[in-house]
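Here's the letter readout for the chains.
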Amino acid sequence: MFATKRKSITILLGLMLMSLWLAACGNNNNKAEPSTSGSTASQPASASASASAPATERKLTDGLGHEVTIPANPQRIIASYLEDYLVALGVKPVAQWTVANGIQDYLQGTLKGIPTIPYDLPFEAVMSFQPDLLIIGPNSTVEGGKYEQYAKIAPTFVLGDDTVNDWRKALLKIGEVLNKSDEAQKVLDAYEQKAADAKAKIQAALPNQSVAAIWLVQNSFFVVSDKQSSGDVLYNDLGFKVPAVVKEISAKGTGNWNPISLEKLADLDADHLILINSDKGTGSAALNDPIWKTIKAVKNGHVYEYPSSSSWLYYGPVASSQMIDNVLNDIVKK
Amino acid sequence: MSAYPMSPEALRKRKRTVFVLTALAVAIVLTFIVSMNTGLIRLSPADLLRTLSGGGTERQNLILFDFRLSRIVISVLIGMGLAISGAVLQALSRNALADSGIIGINSGAGLVILLFVAFYPTATAAPAYLLPLLAWIGGGFAALLVFTMSYRRHKGLSPNRLLLNGVAVNAGISAVTIVLSLRINPEQYQFVLTWMAGSIWGSNWSLVAALLPFILVLIPFVFYKARTINVLGLGIELATGLGARVSREQIVLLAAAVGLASSCVAVSGNIGFVGLIAPHLARRLVGQRYQALLPAAALAGALLVLAADTFARWLLQPTEIPTGIVVAVIGAPYFLYLLFRTKK
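Conventions adopted
Residues numbered from 1 in each chain as written. Chains lettered and ligands numbered in written order. Predicted model: local features only at pLDDT ≥ 70, side-chain atom pairs only at ≥ 80, totals over all residues. Heavy atoms only, no water. Core = buried A, V, L, I, M, F, W, Y, C linked by side-chain atoms within 4.5 Å. Buried < 20%, exposed > 50% of the residue type's maximum accessible area, 1.4 Å probe, protein only. Helix = DSSP H or I, 4+ residues; strand = E, 2+ residues; numbered from the N terminus. Domains from an automatic or database assignment. Contact = heavy atoms within 4.5 Å. Pairing = 2+ DSSP bridges. Patch = residues over 30% accessible without salt bridge, like charges linked within 9 Å, V, L, I, M, F, W, Y side chains within 5 Å. Areas by Shrake-Rupley, 256 points an atom, 1.4 Å probe, with all protein chains shown as cover. Salt bridge = Lys/Arg side-chain N within 4 Å of Asp/Glu carboxyl O. Phe/Tyr/Trp six-rings, centres within 6.5 Å; stacked < 30°, edge-to-face > 60°. Axes fitted to C-alpha atoms, helices over the stretch in contact; angles between N-to-C directions. Buried area = accessible area lost by both parts, 1.4 Å probe. Expected span 1.5 Å × (residues − 1). Parallel < 35°, antiparallel > 145°, perpendicular 65-115°, else oblique. Nonpolar A, V, L, I, M, F, W, Y, C, P; charged D, E, K, R; others polar. Left-handed = near helix turned anticlockwise from the far one by under 90°. pLDDT = per-residue confidence, 0-100.

What follows covers the nonpolar core. One finds I135, F221 and W292 of chain A to be the most contacted residues of the largest nonpolar core, which totals 204 residues. The element that contributes the greatest number of residues to this core is helix 3 (residues 58-93) of chain B, accounting for 18 residues. In terms of domain composition, this core takes at least three residues from each of domain 1 (48-182) and domain 2 (204-332) of chain A. Aside from chain neighbours lying at most four places away, what touches I135 of chain A is I77, I78, A79, S80, L82, F157, L159, I174, V177 and L178 of chain A.

Our focus in this paragraph is the sheet that holds strand 7 (residues 156-158) of chain A. Residues and elements named next belong to chain A. Pairing is parallel in the open sheet, where 3 strands are placed in the order 3-6-7. Among the strands making up the open sheet, the edge pair consists of strand 3 (77-78) and strand 7. Bridge count for strand 6 (residues 133-136) against strand 7 is 3 bridges, and the pairing is parallel. Paired with L134 across the bridge in strand 7 is T156.

This brings us to a nonpolar patch on the surface. On the surface, a cluster of nonpolar side chains totalling about 330 Å² of accessible area is made up of V26, V29, L30 and I33 of chain B. Residue position: I33 of chain B is located in helix 1 (residues 8-37).

Moving on to the packing of aromatic side chains. Residues and elements named next belong to chain A. Scanning all chains against the criterion turns up 11 aromatic pairs over all chains. Taking the centre distance of 6.2 Å and the plane angle of 55 degrees together, the rings of Y81 and Y314 count as tilted. A residue pair is termed long-range when its members are at least 10 positions apart, and Y81 in the loop between strand 3 and helix 3 (83-88) and Y314 in the loop between strand 12 (303-307) and helix 15 (317-332) qualify at 233 residues. The interplanar angle of 45 degrees and the centroid separation of 5.6 Å between the aromatic rings of W215 and F222 together place this pair among those described as tilted. Put simply, the rings of Y81, W97, Y106 and Y314 pair up and form one aromatic cluster.

On to the sheet that holds strand 8 (residues 211-217) of chain A, then. All names here are of chain A. Reading across the sheet, the 5 strands line up as 10-9-8-11-12 and stay open at both edges, with mixed pairing between neighbours. Looking at which strands have only one partner, the edges of the open sheet turn out to be strand 10 (257-260) and strand 12. For this sheet, the mean angle separating the axes of adjacent strands, direction not counted, is 30 degrees. Of the strands in this sheet, strand 8, strand 9 (220-224) and strand 10 touch helix 11 (residues 244-252), which is tilted by about 110 degrees from strand 10. Packed onto the sheet, helix 15 meets strand 11 (272-277) and strand 12 and runs at close to 140 degrees relative to strand 12.

What follows is about the domain arrangement of chain A. Residues and elements named next belong to chain A. Domain annotation for chain A reports domain 1 (48-182) and domain 2 (204-332). Computed from C-alpha coordinates alone, the two centres of domain 1 and domain 2 are separated by 30 Å. In terms of surface lost to domain 2, no three residues of domain 1 exceed D84, Y106 and W167, which account for 51% of the buried area on that side. Counting across the domain 1 and domain 2 interface gives 2 salt bridges. Across the pair D237 and R168 runs a salt bridge, and its minimum N-O distance is 3.0 Å.

Once that is clear, we can look at helix 9 (residues 181-205) of chain A. Residue and element names in this part refer to chain A. Taking 1.5 Å per residue, 25 residues should reach 36 Å; helix 9 reaches 36 Å between its end C-alpha atoms and fits that length. By the burial criterion, the buried members of helix 9 are A184, L188, Y191, A195, A198 and I202. Tucked inside the fold, the buried residues of helix 9 contact helix 8 (167-177), helix 10 (229-237) and helix 15.

Residue and element names in this part refer to chain A. Where burial is concerned, the two faces of strand 2 (residues 67-70) differ: the one with V68 and I70 is buried and the one with E67 and T69 is not. One ladder, built from 4 bridges, connects strand 1 (residues 58-61) with strand 2; its direction is antiparallel. Counterpart to R58 in the pairing with strand 2 is I70. From the end of strand 1 to the start of strand 2, which pair antiparallel, there are 5 residues, and G65 there has a positive phi angle of about 90 degrees.

Right, let's talk about the pattern of salt bridges for a bit. All names here are of chain A. Overall, the coordinates contain 17 salt bridges over all chains when judged by the stated rule. R168 is paired through a salt bridge with E192; the nearest N and O atoms lie 2.8 Å apart. Remark: E192 occurs in helix 9 and R168 occurs in helix 8; sequence separation between them is 24 residues. On the basis of relative accessibility, which here comes to 18%, the residue R168 falls in the buried class. The exposure class of E192 is partly exposed, given its relative accessible area of 32%. The salt bridge involving D271 is made with K296; its shortest N-O contact spans 3.2 Å. Note that D271 is positioned in the loop between helix 12 (262-266) and strand 11 and K296 in helix 14 (residues 296-299), a separation of 25 residues in sequence. One continuous salt-bridge network, built from bridges that share partners, spans R168, E192, D232 and D237.

Residue and element names in this part refer to chain B. Contact pair helix 3 / helix 12 (residues 274-286): the axes reach a minimum separation of 7 Å and the direction vectors enclose 75 degrees. Taken together, the axes of helix 3 and helix 12 are roughly perpendicular relative to one another. Together, G79, L82, A83, G86, A87 and Q90 of helix 3 and V274, G275, L276, A278, P279, H280 and R283 of helix 12 make up the contact between the two elements. Here the residues of the contact of helix 3 with helix 12 sort into 7 nonpolar, 5 polar and 1 charged.

Turning our attention to the packing of helix 9 of chain A against helix 15 of chain A. Residue and element names in this part refer to chain A. Put simply, helix 9 and helix 15 touch, their axes get as near as 11 Å, and they point 20 degrees apart. Classed by the angle they form, the pair helix 9 and helix 15 counts as roughly parallel. Of the two possible hands of crossing, helix 9 and helix 15 adopt the one that is left-handed. For the pair helix 9 and helix 15, the contacting residues are V187, Y191, K194, A195, A198, K201, I202 and A205 in the first and P317, S320, S321, I324, D325, V327, L328 and V332 in the second. Across the contact of helix 9 with helix 15, the residue classes break down as 11 nonpolar, 2 polar and 3 charged.

Let us now look at the confidence of the model for chain B. As a note on interpretation, predicted positions should not be read in detail where pLDDT is low. Residue and element names in this part refer to chain B. Put simply, chain B has an average pLDDT of 83, and 91% of its residues get 70 or more. Helix 13 (residues 290-315) holds the highest mean pLDDT among the elements of chain B, 92, whereas strand 2 (residues 156-157) holds the lowest, 68. Note on the complex model: pTM 0.77, ipTM 0.75.

Residues and elements named next belong to chain B. Looking at the secondary structure, you find L304 in helix 13. Note: C-alpha distance between L304 and V326 (22 residues apart in sequence) is 9.9 Å. Apart from residues lying up to four places away in sequence, L304 is in contact with V274, I277, V327 and I330.

Quick look at unusual backbone geometry now. Residue and element names in this part refer to chain A. You will see that N179, though not glycine, has its phi angle at about 60 degrees, which is positive. Of note, N179 is situated in the loop between helix 8 and helix 9. When its relative accessible area of 40% is taken as the criterion, N179 is described as partly exposed. Backbone geometry at S229 places phi at a positive 55 degrees, although glycine is not the residue there.

See the structure below:
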């Protein structure tokens, strides 16, 4: 009898908790849906430039083989983690990438005030911005049948892994999607010119010098690959020499940034060291390690530190251009 | 059973079972309604009714039918599947702490997904049904491994070995998974991580279609076997004495449990603890008889996952927490509580 009573109490409690929670949900779940008329005022005008040429709807094939109908004049674009390209092309998205409250600080000069959208693009979050065009980078974002769901919200163009890993390709592709191929080509030409000028300056001031970019985060070091991300800028665009250690690790690693032990770092014979420090707020204890102090560039005082909010951890035309500025201002001028 | 006249005691038990099942069903319906209403975009109850009866705008239809309802249906199916799978595994191992996550089925499925993501040339997006299929292969393989290690000729499946080997296989698979995950690039890792955390958010009707056959075939089958499970629960010797073909029944039921767990895990990612908690809750509510325990467990599991998913969508809007994490937050303390109680 006692057991039965206790059981009934358990059920009762469960039901009570349930109803309490139901009530709680009822009060504050929903966020008001932005009405179309209300948001036109704050709506970023993106395509005023192309107003001169009468635009029409176009059909393009995306990186995954979908045929996508691009609206004549997309006004409300979401291109999460591809904002760099939009900024370069002078287009403002309706929402910008965020992960755990982190945003792309280096773009905020242009993107300031644009609301954020979680990096994994939940359907209803996407829908709440009423986009008229979605541009998506890597394949994995739309895997598992998600493409079909996004495509119901707005035309969805996936760049695909091959394109998204090469910012030049991605820039031209996004230019094509936004009917701004000429602008994209201009941006690219301007960048190549800037890189060539910088390379000439570097060869004059610091001939045959090597450099490495190291990222310190949570007491672990990562080194940039010699062909990707900021490594592409340093070695291919600016012509710095690749240190042997960087070559070795890039050959084995798969990521843009590959882990490197402190012991391995001690062998790094780079003349200059670019340090992206994500541990600044927590004391960067790793930099006080005696081994760190034996690294050639550290001994010679050729370390250039940048915060994690700088463009070094990203890539794209704007990020790469900012990296060149950093190199010219901090390393070459010295 | 009903052919026999009922004792007052049995009658009371039956009444109680009916009451519990009804209460659980009502709670599911209520949560279902709340869940339809939960989301970033506001749908008033009036909008909801209008949309349900076919009069919604295109936008409301999309939100309700494509985004929310598919997810709700998946939650209910997964909850049922994992709960029944857990109930069967607990009966077979005669251990209240067994469930598909603990004996390695979930991590086996996860490993295959990881292998696929790491090595599949990503020129085209994988079709929706491919991940469930792969997870099923992985889960089945892990179960086969555990099973062959626990099977002794003439003695059948040893309950204790089943659990211990399961834990060992689970640890081994997890280790391989970690080693492999160091070799893939960050985007791929992110994808695998989200999948392993147990997220229902990407669900759509094609996933429902992929999962439904398993649920529709295997759950009624397990219900049909309820009396056999009761007998198996008495222990191998006694069950043999009562005339059950123990080894055969064990294998068939184990296969059913693996089928249910892998197909659920395939769709939802690694949602743990449901298979553990739901049968327990059911046992406390309606007692040991599997004829009553199985339906109660299925309903409790459905309620748990549906409530957890609704909560996951609501808590940190607009970001969605993986449902598996919410279930684990509820499940872990309950698990510890069970361990504590068993010790006493």
